[in-house]
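This is what each chain is made of:
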Amino acid sequence: MDKNMLVGLDGLPEEDKARMSAMIDHLQLRDSLRMYNSLVERCFTDCVDNFTRKTLQKQEETCVARCAEKYLKHSMRVGLRFAELNSQAATQD
Amino acid sequence: MAANNPAGIDKEQAFGMAATEMEYRVELFNRLAQTCFNKCVDKRYKEAELNMGENSCIDRCVSKYWQVNGMIGQMLSAGGHPPM
């Protein structure tokens, strides 16, 4: 989600645009925090199984780093496809 | 509702609907991303990059998920919402 959504709102008065913009900012912030939490949970669940030590082992660290990077790349790719499908749907109407 | 508004929707309602729509889209995106990651990506994390197979899988998964989303949307709006 980004401010490109606001392009369709050109006709609105400034205060309404500002309000929509604030709503989008709020949703983006909330979504970022949720992504952070879910990424931590995912990579922890997938990578950490051993509790004989209280610090992460090297392979656990490597796994977590790869997991996070992979998910973020995946999320970007999904975002591209999602935007494509969204704009197709819009033009079909 | 404002008597002088032919559309019958006041501004507050419009903002509320826009907010709900945006939240729905965010939720849709998040669930889509999580589902396709679970279906397509090897959890052993042998590397940080997505390989070609995973990339194709992701593209197809997103496309199919979208189709299912459309189907269900149509079913729900055509059949009406049964009382729970």
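Residues numbered from 1 in each chain as written. Chains lettered and ligands numbered in written order. Predicted model: local features only at pLDDT ≥ 70, side-chain atom pairs only at ≥ 80, totals over all residues. Heavy atoms only, no water.

### Notes on the overall build of chain A
Item 1. Along its length, chain A carries two helices and zero strands.
Item 2. Evaluated residue by residue, chain A yields a buried proportion of 25% over its 93 residues.
Item 3. Carbon together with sulfur atoms contributes 56% to the accessible area of chain A, which is approximately 6500 Å² in total. (Helix = DSSP H or I, 4+ residues; strand = E, 2+ residues; numbered from the N terminus. Buried < 20%, exposed > 50% of the residue type's maximum accessible area, 1.4 Å probe, protein only. Areas by Shrake-Rupley, 256 points an atom, 1.4 Å probe, with all protein chains shown as cover.)

### So, unusual backbone geometry
Item 1. A positive phi angle, near 50 degrees, is found at Tyr 45 of chain B, a position not held by glycine.
Item 2. Structurally, Tyr 45 of chain B can be placed in the loop between α1 (11–40) and α2 (52–79).

### Comments concerning the pattern of salt bridges
Item 1. For the coordinates displayed, the defined rule picks out 14 salt bridges over all chains.
Item 2. With its nearest N and O atoms 2.9 Å apart, the salt bridge here joins Arg 19 of chain A to Glu 12 of chain B. Here Arg 19 of chain A is found in helix α1 (residues 14–47), whereas its partner Glu 12 of chain B is found in helix α1 on a different chain.
Item 3. Assessed through its relative accessible area of 33%, Arg 19 of chain A is described here as partly exposed.
Item 4. Residue Lys 73 of chain A pairs with Glu 49 of chain B through a salt bridge whose shortest N-O separation is 2.5 Å. Here Lys 73 of chain A, found in helix α2 (residues 58–92), pairs with Glu 49 of chain B, found in the loop between α1 and α2, and the two come from separate chains.
Item 5. Under the relative-accessibility criterion, Lys 73 of chain A is labelled partly exposed at 25%.
Item 6. Through salt bridges with shared partners, one network takes in Arg 77, Arg 81 and Glu 84 of chain A together with Asp 59 of chain B. (Salt bridge = Lys/Arg side-chain N within 4 Å of Asp/Glu carboxyl O.)

### Quick look at the environment of Glu 61 of chain A
Item 1. Along the chain, Glu 61 of chain A falls in helix α2.
Item 2. Spatially, the C-alpha atom of Glu 61 of chain A lies 8.3 Å from that of Cys 47 of chain A, the residues being 14 residues apart in sequence.

### As for the packing of α1 of chain A against α1 of chain B
Item 1. At a minimum axis separation of 11 Å, α1 of chain A and α1 of chain B run at an interaxial angle of 25 degrees. The angle between the axes of α1 of chain A and α1 of chain B places the two elements in the roughly parallel class. For α1 of chain A against α1 of chain B, the interelement crossing comes out right-handed.
Item 2. Of the residues assigned to the contact of α1 of chain A with α1 of chain B, the class counts are ten nonpolar, four polar and eleven charged. (Axes fitted to C-alpha atoms, helices over the stretch in contact; angles between N-to-C directions. Parallel < 35°, antiparallel > 145°, perpendicular 65-115°, else oblique. Left-handed = near helix turned anticlockwise from the far one by under 90°. Nonpolar A, V, L, I, M, F, W, Y, C, P; charged D, E, K, R; others polar.)

### Observations regarding the state of the cysteines
Item 1. In total, this model carries four disulfides over all chains according to the counting rule given.
Item 2. Linked covalently through their sulfurs, Cys 43 of chain A and Cys 67 of chain A form a disulfide whose S-S length is 1.9 Å. The sign of the S-S torsion, about -80 degrees, decides the handedness of the disulfide formed by Cys 43 of chain A and Cys 67 of chain A: left-handed. One end of the pair, Cys 43 of chain A, is in helix α1; the other, Cys 67 of chain A, is in helix α2, and 24 residues separate them in sequence.
Item 3. Paired by a disulfide, Cys 36 of chain B and Cys 61 of chain B hold their sulfur atoms 1.9 Å apart. As the torsion about the S-S bond is roughly -85 degrees, the Cys 36 of chain B-Cys 61 of chain B disulfide counts as left-handed. Here the residue Cys 36 of chain B occupies a position in helix α1, and Cys 61 of chain B occupies one in helix α2, the gap between them amounting to 25 residues. (Disulfide = S-S within 2.5 Å.)

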